Amino acid sequence: MWQSFLTDASACLPMLTNHLIKCLDKRVRDAKSAGDFDIGIQTLTGNNVSVKKTRAFNFRGSEAKDESVLVHSVVIDRGMSSDAALKVYGEAIQADQRGSKIQTGFYIDGRALFKQCKPVYLVLSLGRTSPNAVVVRPNDGRTCFNIDHVMSRFVQPSLRCDDMAKVRKTWDAEFAL
């Protein structure tokens, strides 16, 4: 009798494990979408990083009696100055870009819908074999996107600009916002 029970129970283990993994995946997805997902310790970089709020949690376990952990809520300005953008651009154009779908350079979106300031983008090719490109914005910093997304969202509605004085002026205007 116990033999058949153990056989049946061991047959259910893979199903229970899969169900548990699916439940945990859903909890993580929900926490990420709600902004409550804790990624643990992370090195923060940015133009400016400031602490918004600090909380302490106390533990009462057998190993860590009266120990506490500080949790910091921070605000990160990931923006990039025009000097830093021009330096990144200078380093990026040294790389061989032949055969790449996207040309590294500054793009300025001149559409009339942008009244306050024309958006400027530094698009960095990752080479002809990469399916991605990096887009740098004055107030957002670096973000990696799929090349098709970069082409439709940033490159095609914009004009490439090789006038570095105009790039600097446009970049600084957007960075000041």
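I will try to describe carefully the structure that is included in this document. Since the model is a prediction, treat every value here as computed from it, not as a measurement.

As for the nonpolar core
Core analysis: the largest hydrophobic core is formed by 16 residues, its most contacted members being Met80, Phe106, Leu122, Leu124, Val136 and Trp171. Of all the secondary-structure elements, those providing two or more residues to this core are α2 (82-92), β3 (105-108), β4 (120-125), β5 (132-137) and α4 (164-175). Here the element with the most residues in this core is α2; it accounts for 5 residues. Among residues more than four places away in sequence, those in contact with Val136 are Met80, Val120, Tyr121, Leu122, Leu124, Gly141, Arg142 and Trp171. Residues Tyr121, Ala133, Val150 and Phe154 belong to the second largest nonpolar core, which totals 10 residues.

Considerations on the pattern of salt bridges
Taken as a whole, this structure holds 4 salt bridges when the rule is applied. Where Asp30 meets Lys26, a salt bridge forms, and the shortest distance between an N and an O atom there is 2.8 Å. Of this pair, Asp30 and Lys26 both sit in helix α1 (residues 2-34), 4 residues apart, which is roughly one turn of the helix. Of the residues examined, Asp30 reaches a relative accessible area of 39% and is grouped as partly exposed. The partner of Arg160 in a salt bridge is Asp162, and the shortest N-O contact between them spans 3.1 Å. With a relative accessible area of 28%, Arg160 lands in the partly exposed category. Asp162 gets classed as exposed once you look at its relative accessible area, which sits at 52%.

A short note on a nonpolar patch on the surface
A surface patch of nonpolar side chains, about 210 Å² in accessible area, is lined by Val49, Val51 and Val74. Checked against the element boundaries, Val74 lands in strand β2 (residues 67-77).

Structural notes on the sheet that holds β3
With respect to topology, 5 strands assemble into an open sheet ordered β6-β5-β4-β3-β7, the strand pairing being antiparallel. The sheet is open, and its two borders are formed by β6 (141-146) and β7 (159-161), each paired with just one other strand. Looking at each pair of strands side by side, their axes are set apart by 35° on average, direction ignored. Two elements, β3 and β4, share 4 bridges in a ladder whose sense is antiparallel. Bridge pairing in β4 links Phe106 to Leu122. Contacts from α2 reach β3, β4, β6 and β7, with the element oriented near 25° to β4.

Quick look at the environment of Arg78
Of note, Arg78 is situated in the loop between β2 and α2. A C-alpha to C-alpha distance of 5.4 Å links Arg78 and Asp140, two positions 62 residues apart in sequence.

As for α4
Side chains that are three or four residues apart share a direction in an α-helix, a result of its 3.6 residues per turn. In a regular helix each residue adds 1.5 Å, so 12 residues correspond to 16 Å; α4 covers 16 Å between its end C-alpha atoms and thus fits that length. Along α4, the residues that are buried comprise Val167, Thr170, Trp171 and Glu174. End-on view of α4: buried residues confined to an arc of 100°, all on one side of the axis. Residues of α4 that are exposed and angled more than 90 degrees away from the buried face: Ala165 and Lys169. Lining the buried residues of α4 we find α2, β3, β4, β5 and β7.

The rules behind the values
Residues numbered from 1 in each chain as written. Predicted model: local features only at pLDDT ≥ 70, side-chain atom pairs only at ≥ 80, totals over all residues. Heavy atoms only, no water. Core = buried A, V, L, I, M, F, W, Y, C linked by side-chain atoms within 4.5 Å. Buried < 20%, exposed > 50% of the residue type's maximum accessible area, 1.4 Å probe, protein only. Helix = DSSP H or I, 4+ residues; strand = E, 2+ residues; numbered from the N terminus. Contact = heavy atoms within 4.5 Å. Salt bridge = Lys/Arg side-chain N within 4 Å of Asp/Glu carboxyl O. Patch = residues over 30% accessible without salt bridge, like charges linked within 9 Å, V, L, I, M, F, W, Y side chains within 5 Å. Areas by Shrake-Rupley, 256 points an atom, 1.4 Å probe, with all protein chains shown as cover. Pairing = 2+ DSSP bridges. Axes fitted to C-alpha atoms, helices over the stretch in contact; angles between N-to-C directions. Expected span 1.5 Å × (residues − 1). Arc of directions from axis to C-beta.

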